[in-house]
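Here is what each chain is made of, one letter per residue.
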There are 4 protein chains.
Amino acid sequence: MSFTLREYRAPDFTAQPFVSAPDCRLEAAPQDGVAPFDFHALSIFPEYFKIDGRWLLCEESRMDTVPVLEDGKVHAVEARQLKKGQAVVCGRTENAEEGIYLHSDGFDESAGESDSFAFRIGRSRETSYSKDIDDIVSLLRYERDHGKIVWVMGPAFAFDKRARESFSAIVEHGYCHALLSGNALATHDLEGAFFHTALGQTIYTQENVRNGHYNHLDLLNRVRAAGSMEAFIEQESLSEGIICAAVRNHVPVVLCGSIRDDGPLPEVFGNCYEAQNAMRAQLKEATTVITMATMLHSIAVGNITPSFRVMPDGRVRQIYFYICDISEFAINKLTDRGSLTSKGIVTNAQDFICNVARELGVV
Amino acid sequence: MSFTLREYRAPDFTAQPFVSAPDCRLEAAPQDGVAPFDFHALSIFPEYFKIDGRWLLCEESRMDTVPVLEDGKVHAVEARQLKKGQAVVCGRTENAEEGIYLHSDGFDESAGESDSFAFRIGRSRETSYSKDIDDIVSLLRYERDHGKIVWVMGPAFAFDKRARESFSAIVEHGYCHALLSGNALATHDLEGAFFHTALGQTIYTQENVRNGHYNHLDLLNRVRAAGSMEAFIEQESLSEGIICAAVRNHVPVVLCGSIRDDGPLPEVFGNCYEAQNAMRAQLKEATTVITMATMLHSIAVGNITPSFRVMPDGRVRQIYFYICDISEFAINKLTDRGSLTSKGIVTNAQDFICNVARELGVV
Amino acid sequence: MSFTLREYRAPDFTAQPFVSAPDCRLEAAPQDGVAPFDFHALSIFPEYFKIDGRWLLCEESRMDTVPVLEDGKVHAVEARQLKKGQAVVCGRTENAEEGIYLHSDGFDESAGESDSFAFRIGRSRETSYSKDIDDIVSLLRYERDHGKIVWVMGPAFAFDKRARESFSAIVEHGYCHALLSGNALATHDLEGAFFHTALGQTIYTQENVRNGHYNHLDLLNRVRAAGSMEAFIEQESLSEGIICAAVRNHVPVVLCGSIRDDGPLPEVFGNCYEAQNAMRAQLKEATTVITMATMLHSIAVGNITPSFRVMPDGRVRQIYFYICDISEFAINKLTDRGSLTSKGIVTNAQDFICNVARELGVV
Amino acid sequence: MSFTLREYRAPDFTAQPFVSAPDCRLEAAPQDGVAPFDFHALSIFPEYFKIDGRWLLCEESRMDTVPVLEDGKVHAVEARQLKKGQAVVCGRTENAEEGIYLHSDGFDESAGESDSFAFRIGRSRETSYSKDIDDIVSLLRYERDHGKIVWVMGPAFAFDKRARESFSAIVEHGYCHALLSGNALATHDLEGAFFHTALGQTIYTQENVRNGHYNHLDLLNRVRAAGSMEAFIEQESLSEGIICAAVRNHVPVVLCGSIRDDGPLPEVFGNCYEAQNAMRAQLKEATTVITMATMLHSIAVGNITPSFRVMPDGRVRQIYFYICDISEFAINKLTDRGSLTSKGIVTNAQDFICNVARELGVV
């Protein structure tokens, strides 16, 4: 099955209510990091703002950020990054009456790949996922050449032999354009590459090795001594696992710190708001996002990722968002955000990635 | 990897404490369905009883049943099936002092496939399962020709296209010698075969069909009209799905009723204790049991299945028991029973069966 | 806060489309246990059938059963109980065009206790439940004197000291008019009353007692010897726990068998369809149902319980249905059935019952 | 029931193997943030190091940190905080042979409150928790005057009326000496205090208020404008909820940032390793830790908290650690760390805190 994008239909701004709508109201941010009290907050949907009589799309949107007019464009700025005096759009309507329009149904659901993605229902362990896997596979084939695929994963992912091999093959075959994760995933994965263990157990057999509980601490210490993951990988001639595959294929890896961390590895962002910035830098160009086995990162990425992207040629397209988690609770936390294009898959991420790799034909 | 059974080492009854141990004490059941108050209860392990100076193994054991001497053999009888006057072994020690000996470490863990099965650790969604899948595959290859493989499944299993195809292929290739399940699984599966829907949604696309909520009721009504699943399958020339594969390959199917049932299908045991008897009749010869996506049936089967089987040639071998469930709670409920050979796999059963089928090479 | 019932507004059968609607179509059941192929299936909502020009309500309805005309009334009959030749309503519309009308919005949501019960949202561990507890308490106060309160519980309920005391107090104070459960709950509870243990652990301290794993088997054996729970309670002068409270207060107890059972106790229904009949006999008069810590029984009871009841004086009122479970999956399985009046509470049932008892002022 | 501490029995260093053991080996850290490759890593247990012939206890220990000798004392230093040249204890044995001794059984389990805390078993939703609640209550009564009680909580805690009231009462009555949480908890709680909503729903009734989805963003913006939570609380005369209670009672609050955050509030540590330092500063004096409804913070705190504390008078005592979570998975993640004194309680934290407050008699 080949994959077709849905058409985007922009609002007809030559018609009412757009023509007689006023310009949106702009007010100066009163302090650094503080918005005017009636600021407008952006959503995951395309939003247009009437400025000097013209309707401008906020192109790189992000839910719960503030629209700021600068250089003739509307930017989505996190409140913490506001500078005193920046021009913030104010108003809390979305129907054009204050010059603000939220366009929630811009993608034609009756065309293109509508059968695959048009409906959304509750997902549970009892849902059938065969078609979702097929959909993801045809989506990934399309996106490899036409989009940007961002994968997000939790730490346990590095523990299983087949999952490591499957994801590495996905990277090698060009189906991964950025990887977002945390200190633990990279630490476990490099422990696997260097010691062939996961938290001190041989990865495949799960047999304990002697003093194996030191392995992840030693790994952290050695990478810190080497100065970077890349230097360590080169120095030790490592080739196996997720991080090695990413480094070898020049896939950017963003590692976010958390209060659970040992170490951390040198590349890890200790400041979580800088980590958010680095995640957003990758997600700004994303067209497909797949999160696996991490509620923390899935929700963080869900907060940052809008439902659409403006491509370099100006075309507006959907962003596809999948979350794989073994817990319905995690799935529901994310899909409750209400994006038409977010879908949950309730299973163990090990199996999910092996299925995807196999159906893609890369393992 | 080829599979080797562990050796069984029977106790040395020519040594102490066995030689000087007394005969075990026998008392008559005081009423139908009632045991003497200090009856002995059997476990999942091999247990020997000294009768007339000789130590007899209770060959077809079952946890929490009562050892009854009859025709020179010790039988494991459910309390509800006791007849007044039957000779029940009494005593609550297990170390030979009352002529009762429980042999919990009879299988040589240092030999055979010990690396695969010898250790037992807590299982969770974060455990690595690659080796378990490989172990199951080599086990199934061995058991197809040398043992009896019993599968147990919950109702949601029939909802997914790949899972249906995978399990059907497992049946077709001889890796299933009995199937234990409930009314809902068979109803959903036959709805799939006849209407191509699951609870009114097209199986693959999950699109709702018109009045689809009638489909499972209609299916039940039509099978009841036909008189049996087999008659219905023949009459409607059905060939797809789990039940059809079982019927075509002469695999016995035991369907147990529950208070949640509609219908039921004609073959379903309405009486749950007769259902237990039918399950036990299949499990008496089982050498490998795999339960999937059903806490109720998994625990029921776990209650009935001992840790060993006496083969027709008199050899004692282990029974292998796997439970696949997406919930750690369900896994722990079963593995807490303490069998060395019971292993949990925490994932969606859809993916589990697809993995097993693929690694077996049957899909 | 006092509790007020919502008004029921019957359809106006003197208006269209009711006046010109045809009589519903009746066909004879072709065999025992088999309905005509286009039988109508009932829902949880009030449904009216036009018979000889008059619209009759099926008063004691049950989802997925078949409407049968007998003695001038429409009865809801399980397919398995149909007798050959009975007059079954056929047709699969619900808008009067075939003389069948489903009345899904008969209860005035703008009046009475609408604030408490009118809206329905997804429930999870993160939902706030303070108001639900208060609502349940005012509901129970009303129902004690004006309705019938049916409690349904899973086996683990008998393990906790405070939960046992709380539920016993609820029974003693008249807030329980029937109890539906299984063999395990009653066995564990009577083990507690007789041995002061739960599966061999002292209930409060959870210390293991010697040979305690025999306790539940001994309990079963002794009750079977006594012939009934009531005889055993009297013979042993037991007074503590759930079953004793029910017996002392003449609360009917329906115990349904399952394939997991040991024993069973003499009162347990071994046949699950007879168990369904016994449950339905209790539920026919129920006005409030609360299920706790049992997915199996919760769904079974949900299948049997309609959304309304016709009171002896002919008034139609709502049935209130609460399910308490620690798993969102279990909650969602039940609330997906779509009743406005079913609400899930995600917590450990121990705490739920203690909260209810305390707010009721009975402990 | 009154609470008694267990006695600590230090090793007898006048006996073997301690007398003939060598001094431990010290090596200089080769770089900032890097340990010698055979560094010793600390555990949750008391560990002694032989320095100049004397055995020194590392008093403020932390699992997986590095023992550093400075000013005649052994300090537990996170690898990231090591300074080049610091003297690090090296060696990976724990039995004195390298001058390192881990004392895992120092607390006399046969004395004091042994019945309450001496055994440790698997915990699930089916475990009885009545005694745990009683134990916690007597522990808290003791600790209020003799120890330091640190509470840790996840964000959903602020959503429920009774839970807010119960925890506030616990704070008011002196049972909370530090509070560790994240940006979301404080934001939700202050939204409750200021807007009387939680994510835009009225806290008690859960009714949506108009434009309520702006409330948490507005709250963040207003607190950022005020400059601090304390300034905002004073400026708006807020008095209700968790943060207000903490501020009013001078309870230190550590808020750790995460990549999921909006805002953040001014007090939040954006750098997660600085957050760890701030958490550890509070935990260094902790004697009882209770975590609720947060896997992230529970594990982070578990990583930081040892099993013992050296009191100002030099006495060594146990630290008590409870985790309350609705998910067995979260509980098991923490209790697998192997501390005798860590106990899991599987329920909704709302109910847990209400129970504790009620049994303490503060509500």
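Residues numbered from 1 in each chain as written. Chains lettered and ligands numbered in written order. Predicted model: local features only at pLDDT ≥ 70, side-chain atom pairs only at ≥ 80, totals over all residues. Heavy atoms only, no water.

On the chain C side, the residues contacting the 47 residues of chain B number 47 residues. Approximately 4,200 Å² of surface area, both sides summed, lies buried where chain B meets chain C, with 53% of it carried by carbon and sulfur atoms. The largest per-residue losses of area from chain B upon contact with chain C belong to Y214, I259 and R260 of chain B, which jointly make up 19% of the total buried on that side. Where chain B packs against chain C, one counts two salt bridges. (Contact = heavy atoms within 4.5 Å. Buried area = accessible area lost by both parts, 1.4 Å probe. Salt bridge = Lys/Arg side-chain N within 4 Å of Asp/Glu carboxyl O.)

Note on the copies: chain A fits chain D at an RMSD of 0.0 Å, the axial shift is 0.0 Å, and the rotation between them is 180°. One copy is carried onto the other by what is essentially a two-fold rotation axis. Among all C-alpha atoms of chain A, that of N271 of chain A lies closest to the rotation axis, at 1.9 Å. The share of interface residues of chain A whose copies in chain D are also at the interface is 100%, consistent with both copies meeting through the same surface. (Least-squares fit on C-alpha atoms with pLDDT ≥ 70 in both.)

On to the pattern of salt bridges, then. For the structure on display, the rule yields 96 salt bridges over all chains. Close ionic contact of R92 of chain A with D218 of chain D constitutes a salt bridge, the shortest N to O distance being 2.5 Å. Of this pair, R92 of chain A sits in the loop between β6 (87-90) and β7 (100-102) while D218 of chain D sits in helix α5 (residues 215-226), placing the two residues on different chains. Classification of D218 of chain D by relative accessible area gives buried; the value is 7%. Between R144 of chain B and D145 of chain B there is a salt bridge, with the nearest N and O atoms lying 3.9 Å from each other. Owing to a relative accessible area of 33%, R144 of chain B belongs among the partly exposed residues under this scheme. By relative accessible area, which is 55% here, D145 of chain B ends up exposed. In this structure, a network of salt bridges that share partners links the residues R25, E27, D38 and E98 of chain A. (Helix = DSSP H or I, 4+ residues; strand = E, 2+ residues; numbered from the N terminus. Buried < 20%, exposed > 50% of the residue type's maximum accessible area, 1.4 Å probe, protein only.)

Our focus in this paragraph is the relation of the copies chain B and chain C. Overlay of chain B on chain C (RMSD 0.0 Å): rotation 180°, translation along the axis 0.0 Å. Mapped onto chain C, 100% of the interface residues of chain B are again interface residues, and the two copies thus contact each other with one and the same surface.

As a further point, take the sheet that holds strand β5 (residues 73-77) of chain B. Residue and element names in this part refer to chain B. In space, the four strands of this open sheet follow the order β1-β6-β4-β5, with antiparallel pairing throughout. Both outer strands of the open sheet, β1 (25-28) and β5, are each paired with one neighbouring strand and no more. Ignoring strand direction, the axes of neighbouring strands in this sheet form an average angle of 45°. Pairing of β1 with strand β6 (residues 87-90) involves four bridges; the strand directions are antiparallel. Bridged to E27 within β6 is V88. (Pairing = 2+ DSSP bridges. Axes fitted to C-alpha atoms, helices over the stretch in contact; angles between N-to-C directions.)

All right, on to the sheet that holds β7 of chain A then. Residue and element names in this part refer to chain A. Here we have three strands laid out as an open sheet, ordered β3-β2-β7, and antiparallel in their pairing. On the outer flanks of this sheet lie β3 (54-57) and β7, each paired with one strand and no other. Between one strand axis and the next, the sheet turns through 25° on average, direction left out of account. Of the strand pairs in this sheet, strand β2 (residues 47-51) and β7 are connected by three bridges, and their pairing is antiparallel. The residue of β7 that forms the bridge with F49 is I100.

Glancing now at the nonpolar core. Core analysis: the largest hydrophobic core is formed by 167 residues, its most contacted members being W151, F167 and M292 of chain A together with W151, F167 and M292 of chain B. Apart from residues no more than four positions distant in its own chain, M292 of chain B is found in contact with W151, V152, M153, G154, F157, F167, C324, A349, F352 and I353 of chain B. I170 and L180 of chain C together with V289 and V356 of chain D belong to the second-largest nonpolar core, a separate cluster that totals 166 residues. (Core = buried A, V, L, I, M, F, W, Y, C linked by side-chain atoms within 4.5 Å.)

Residues and elements named next belong to chain A. Between its first and last C-alpha atoms helix α5 (residues 215-226) spans 16 Å; for 12 residues at 1.5 Å apiece the expected length is 16 Å, and the two agree. For α5, a buried count of nine out of 12 residues is recorded, marking the element as mostly surrounded by other parts of the structure. Buried within α5 are the following residues: N215, H216, L217, D218, L219, L220, N221, V223 and R224. Residues of α5 that are buried make contact with α4 (183-195), β10 (197-198) and α6 (229-235). G227 sits one or two positions beyond α5 and adopts a positive phi of about 100°. (Expected span 1.5 Å × (residues − 1).)

Mapping S228 of chain B onto the fold places it in the loop between α5 (215-226) and α6 (229-235). For S228 of chain B, the side chain forms a polar contact with the main-chain nitrogen of A231 of chain B, separated by 2.9 Å. (Polar contact = N/O pair within 3.5 Å; in protein donor to acceptor, adjacent residues only side chain to side chain.)

Once that is clear, we can look at the confidence of the model for chain A. Residues and elements named next belong to chain A. Summing up the model confidence of chain A, the mean pLDDT is 94 and the portion of residues at 70 or higher is 94%. The model gives residues 111-120 a pLDDT under 50, and that stretch makes 34 contacts with residues more than four places away or in other chains. The ipTM, which scores confidence in the relative placement of chains, is 0.95 for this predicted complex, and the corresponding pTM is 0.96. (pLDDT = per-residue confidence, 0-100.)

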